[in-house]
Structure formats: C-alpha cells, structure tokens
Amino acid sequence: MGLFRPIWMTKKMSKDEEAKAAVRKITDNQKLKKIAIKAPRQPVAYEAISRIDDDEILFDFAKKDGLYNEHGVILINDRARELIKSQALLEKLLSTFEYEDFNAKIIYERTENPPLDWNIRMSGEDAECKLAASVEKLSYPQDEEKLKDVIDNAKTQKGIDIAIEHLPYEENREYYMQILSGNDYRKKKHIVETYPQAQEELLEIALDESNDIQTRMRAGMYAGNSKKAQEFWIDLAMNYWDIYTRMTAASMIKDKSLIPDIQKQRCAEGNHLWVDTGSRRQQYQFGPSSDHRKCIYCGEELHEYFDGD
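Below or above, wherever it landed, is the structure these notes cover.

Cut-offs used in this document
- Residues numbered from 1 in each chain as written.
- Predicted model: local features only at pLDDT ≥ 70, side-chain atom pairs only at ≥ 80, totals over all residues.
- Heavy atoms only, no water.
- Pairing = 2+ DSSP bridges.
- Helix = DSSP H or I, 4+ residues; strand = E, 2+ residues; numbered from the N terminus.
- Axes fitted to C-alpha atoms, helices over the stretch in contact; angles between N-to-C directions.
- Contact = heavy atoms within 4.5 Å.
- Salt bridge = Lys/Arg side-chain N within 4 Å of Asp/Glu carboxyl O.
- Buried < 20%, exposed > 50% of the residue type's maximum accessible area, 1.4 Å probe, protein only.
- Phe/Tyr/Trp six-rings, centres within 6.5 Å; stacked < 30°, edge-to-face > 60°.
- Lys NZ or Arg CZ within 6 Å of the ring centre and 35° of its normal.

Some thoughts on the sheet that holds strand β3 (residues 301-306)
Thinking step 1. Overall, antiparallel pairing links the three strands, which are arranged β1-β2-β3 in an open sheet. At either end of the open sheet lies a strand with only one pairing partner, and these are β1 (274-276) and β3. Between one strand and the next, the sheet's axes are offset by a mean angle of 25°, whatever the strand orientation.
Thinking step 2. Where helix α17 (residues 243-251) meets the sheet, it contacts β1 and β2 (289-295), and its direction lies at approximately 90° from that of β1.

Shown next, in the form of structure tokens:
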C-alpha cells in the first residue's frame, strides 16, 4: 500500500488528462492545495488551483510572483487572482504590489473599490471611472490633502476636475496660484471655468511672468470676457507686430466700448482692427487665394483676390 502513488503525482505528459480528471473529482480545498504544491506536471497543478474555492488559499498563491512548487513547476498565479471572489482580499492583495507592477493591473481591474492612492496612480478608462467615483465621496475640509493629492498626481482628468470642484478657491488660493503659474493648461482651464475669480489672476500671472505670446494668449482665452482680458486683447490687436496675431486678438474683443478713442484716427490712417471674414489661402503655394477682412471698430471691409502662380 505504501508504494501507491496517486495519478496526480505522474511525471508523464501522456498521463496529464487522466491526472486532471482525477483532480476534478476532489472537492477538499486542502487536498487541492497539496496537489498544487506537489504535482510534478504544470497542467495538473494548474487544474488543482482552478478547483480551489477558498479565497484565503487562493490569496496565498496569488500574492506570490513566479512561485515554484516542490517540483520546480511554476504555479500560474494569474489564475488564482482571477478566482478570488472576496473584494476585501482583492484590496489586500493589491497592497502587496507596487503601482508599476504589471500584475497589479489585473488585480486592480477586478477590485470594485480600490484604495484612493491606487485610483490616483492608475490610468485608463477603468481607472478614470473608479477615481471619479472615489473623489465624489471626498469633502472639504476633511479631505483637503486627499483632494490635493488627486489634483497633483492623478493620471486621469475627470477625477482631477471633480477634485478641483470640491476644493474651494478662496480658501486654497495660494495652492491654486501655484498651478496657475505652472504649465498644466488642462488644470488651468478647469480652474478658471469653475472659479471665475481665477480668470484675471491667471492673465496677470501670464503678463507678469511670461514673454511668450502663445502663453499670454492662452491665458487671455482662459480669462474669458473679463475687463482685464478685454484690455489685453485690445492692446494686442492695436500694437502687436504680426498682422495675424493682431487679427486673432481683434476677434476676441467683445466689449468695443473699451477700445480707446485714438483708434478712430488710426482707422483714418489705415491702421484697422481687422478680423478675418472668410479668406481663402493658397494650398502648397499654388492656386488662387483671397483676403477678406472687416474692421471691428469702423466697419470698413477689405476684399482682395490673387490668381496665384
């Protein structure tokens, strides 16, 4: 009797199916765990793992990466991770991995309510939905640091936007000013859309700290129709050296009452505040083109046509 060896102990590939069939008849989780640890053949060990329905046992397999059994067979830990049903154990399992670990993504996707720090540092559509849901539960001032962590470090935009909406501007003005002084234009855009009081401050920062015209114009666009923004566009439309930049600036002027009276004389001299009214440009430097403009101050129009080369 002592010489009897269960079929799952076979080392022969030809016996795999017979051994797997024998394993499928076993329902005792401890016996299945023993087989997974001791089976010489990987398909048999894999079958044993697949039959285990005890989450604690599966957790022991799943948390270890590249685990070998007694015969040097690599146990397929991904299968154990797929079989765990307990959300609490999935969250616990997630904590055993680094954020960058490829295996962590598999576990993260199966976890319904991952910890906030994981939602912040994961990317993709699934992470975006989970982060948004978790940020909705945060409130100010209790979760101030968590909200700032989301804004500073999250990889998905929707959660950042919600965090900005939950973190009031006036009470955190110094924090927001640091963002407005930085280069993350997506965050800047949502801040000024959410808090109108930030619009002029963003423009003031750009005018004070940047000589780059594109940075200034972007800030002007974010600043909406505030008086500060309108004065910025008027000055640009009247004084900038490049005609196309001046035309873009003129198109942003909504309050014409702020245009200084000297523009009347400028118009008389031919220095109009032009906006494009449907010009057609040459393609690849060939073919006809046309130039159509209108002055937003005096209403004069310009129409020119070119035959091309």
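Structural notes on the pattern of salt bridges
Thinking step 1. Scanning the model with the defined rule gives 15 salt bridges in all.
Thinking step 2. The shortest N-O distance in the salt bridge between Glu 17 and Lys 20 comes to 3.5 Å. Linking Glu 17 with Lys 20, this pair stays in helix α1 (residues 16-24), spanning three residues, or about one helical turn.
Thinking step 3. A relative accessible area of 52% places Glu 17 in the exposed class.
Thinking step 4. Judged by relative accessible area, which is 18%, Lys 20 ranks as buried.
Thinking step 5. A salt bridge links Glu 47 to Arg 24; the shortest N-O distance between them is 3.7 Å. With Glu 47 in helix α3 (residues 42-51) and Arg 24 in helix α1, this pair connects stretches of sequence that are 23 residues apart.
Thinking step 6. With relative accessibility at 38%, the residue Arg 24 sits in the partly exposed group.

Digging into the packing of aromatic side chains
Thinking step 1. Counting across every chain of the model gives seven aromatic pairs.
Thinking step 2. One aromatic cluster is present, built from ring pairs that chain together Tyr 169, Tyr 175, Tyr 176 and Tyr 195.
Thinking step 3. Lying across the ring of Tyr 175, Lys 148 places its NZ or CZ 5.0 Å from the centre.
Thinking step 4. For Arg 218, the ring lying beneath its charged end belongs to Tyr 185, and the centroid distance is 4.1 Å.

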